[in-house]
Amino acid sequence: MAIARKDWITYWRYPLSAVSSVLQPIVWLTPIYFMGLAFSVNGKALGFAAYSGTSDYMSFILLGTVLSNFISAVFWGMGYSLKNDMDTGVLESNWLAPLPRPLLLVGRTFTNLLITTITSLLMLFIANLIFGFQPTGHALAALLTALPMLIGLYGFGFAFAALVLLMREANTMVDISSYLVQLFSGANFPVTVLPRWLLPVALALPLTYGFDAVRGWLLETKTLLPIPVEIIMLIGFMFLMIWLGLLAFRALERRVRRLGTLGQH
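Below or above, wherever it landed, is the structure these notes cover. The structure presented is a predicted model; accordingly, all values stated were derived computationally and were not measured.

Reading the values: rules and limits
- Residues numbered from 1 in each chain as written.
- Predicted model: local features only at pLDDT ≥ 70, side-chain atom pairs only at ≥ 80, totals over all residues.
- Heavy atoms only, no water.
- Axes fitted to C-alpha atoms, helices over the stretch in contact; angles between N-to-C directions.
- Helix = DSSP H or I, 4+ residues; strand = E, 2+ residues; numbered from the N terminus.
- Parallel < 35°, antiparallel > 145°, perpendicular 65-115°, else oblique.
- Left-handed = near helix turned anticlockwise from the far one by under 90°.
- Nonpolar A, V, L, I, M, F, W, Y, C, P; charged D, E, K, R; others polar.
- Salt bridge = Lys/Arg side-chain N within 4 Å of Asp/Glu carboxyl O.
- Buried < 20%, exposed > 50% of the residue type's maximum accessible area, 1.4 Å probe, protein only.
- Contact = heavy atoms within 4.5 Å.
- Expected span 1.5 Å × (residues − 1).
- Bend = angle between axes of the 7 residues up to and from the residue.
- Phe/Tyr/Trp six-rings, centres within 6.5 Å; stacked < 30°, edge-to-face > 60°.
- Lys NZ or Arg CZ within 6 Å of the ring centre and 35° of its normal.
- 1 Å grid on protein atoms, 1.4 Å probe; cavity = no way out; pocket = protein on both sides within 12 Å on 5 of 7 lines; lining within 4 Å.
- Points joined across faces, edges and corners; volume = space filled by probe spheres on them.
- Arc of directions from axis to C-beta.

Details of the packing of helix α4 (residues 57-88) against helix α6 (residues 101-131)
- Relative to each other, α4 and α6 sit at 155°, their axes nearing to 9 Å. Between α4 and α6, the crossing angle belongs to the class labelled roughly antiparallel. For the element pair α4 and α6, the recorded crossing hand is right-handed.
- Residues that form the contact of α4 with α6 fall into these classes: 15 nonpolar, nine polar and two charged.

See below:
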């Protein structure tokens, strides 16, 4: 919590950045909104509805954007925070603190997740005024479904942070990895539109079923599997990814310590 408090104070020292984090997604989504209108018939995206089970194209995209924000929060919160510590020369001294190293990483994500929650809610409020975002399903069920998915993301985050320790580069890795995860998880489109040779990649990602189930609850879309089955998969994914992520982190951390490169950048 001390780490989160420090990050929180630092973040609000730049209020324009906070405003930008709310408005930027709206700016990016506005062309998509008008493009959707261009391909709609009487305000309904009929071709899109054939794939997804809903003609509310914009709500589909907005939910994907919100969930993608949380994916980025974990990736950037863990991996990029280590890179910042390397660049400022404090990583070694932080590593000497009598604390479990994964706890240091988790602390770096708390502020990111809280800020992401606040900015996403504000973004949805503005989107409701501009685009008419009005989910008709069960919000509480969707939230409870998203929780194991978000916790499981920490497994990805631990493994990714370990790679940053080893390779000492974060920007390109965060950009590429978070983008590919969001792409193949169906953040911006139903994964069923992917070519057959790419569809297995999407179906192998547990996050795909998280996006799918949340949309199923809120927008009543056609889901890949029955929602209870997808929830069971997400719970299994949560435990498996945390375990695998911690194993990868500890193994690569030991290697970095043996190489003596922890303080390099």
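Considering the pattern of salt bridges
- By the definition in use, this model includes three salt bridges.
- Here K6 and D7 are joined by a salt bridge, their closest N and O atoms 2.9 Å apart.
- One salt bridge connects E253 with R101, and the closest N-O pair in it is separated by 3.3 Å. Taken together, the residues E253 in helix α11 (residues 227-259) and R101 in helix α6 connect sequence positions 152 residues apart.
- Through salt bridges with shared partners, one network takes in K6, D7 and R108.

Here we look at the environment of V22
- Its place among the elements puts V22 in helix α2 (residues 15-38).
- We classify V22 as buried; its relative accessible area is 8%.
- Each C-alpha atom, one on V22 and one on G157, is 24 Å from the other, the two residues being 135 residues apart in sequence.
- Among all residues touching V22, those that are not within four sequence positions of it are T119, L122, M123 and I126.

Digging into α2
- For α2, with 24 residues, the first-to-last C-alpha span of 36 Å sits near the 34 Å given by 1.5 Å per residue.
- Of all the bends found along α2, the most pronounced is centred on S21 and spans about 30°, while P25, a proline, follows it within four residues.
- All of the buried residues in α2 are A18, V22, P25, I26, L29 and G36.
- Lining the buried residues of α2 we find α1 (2-11), α4 and α6.

Points about the packing of aromatic side chains
- Scanning all chains against the criterion turns up eight aromatic pairs.
- Judged by centre distance (5.0 Å) and plane angle (85°), the ring pair of F48 and Y57 falls under edge-to-face.
- Ring geometry for Y154 against F158: centres 6.5 Å apart, planes inclined by 50°, an arrangement best described as tilted. Remark: F158 and Y154 occur in helix α7 (residues 139-167); sequence separation between them is four residues, near one turn of the helix.
- Among the residues examined, Y154 registers a relative accessible area of 12% and is labelled buried.
- Following the ring pairs from residue to residue traces out a cluster consisting of W8, Y11 and W12.
- The ring of F60 carries the charged tip of R215 above its face, separated from the ring centre by 3.6 Å.

Focus on the layout of surface pockets
- Roughly 1,300 Å³ of volume is contained in the largest pocket.
- In terms of lining residues, the largest pocket is bounded by 37 residues, among which N69, S72, A73, W76 and T116 are the most central.
- Of all the elements in the fold, those that place two or more residues in the lining of the largest pocket are α1, α2, α4, α6 and α8 (171-184).
- It is α4 that contributes the most residues to the lining of the largest pocket, ten residues altogether.
- In terms of residue class, the lining of the largest pocket is made up of 14 nonpolar, 19 polar and four charged.

Some remarks on α1
- Among all positions of α1, only A4, D7 and Y11 are buried. Down the axis of α1, the buried set is contained in an arc of 65°. They therefore lie on one face. In this structure, α1 carries A2 and R5 as exposed residues pointing more than 90 degrees from its buried face.

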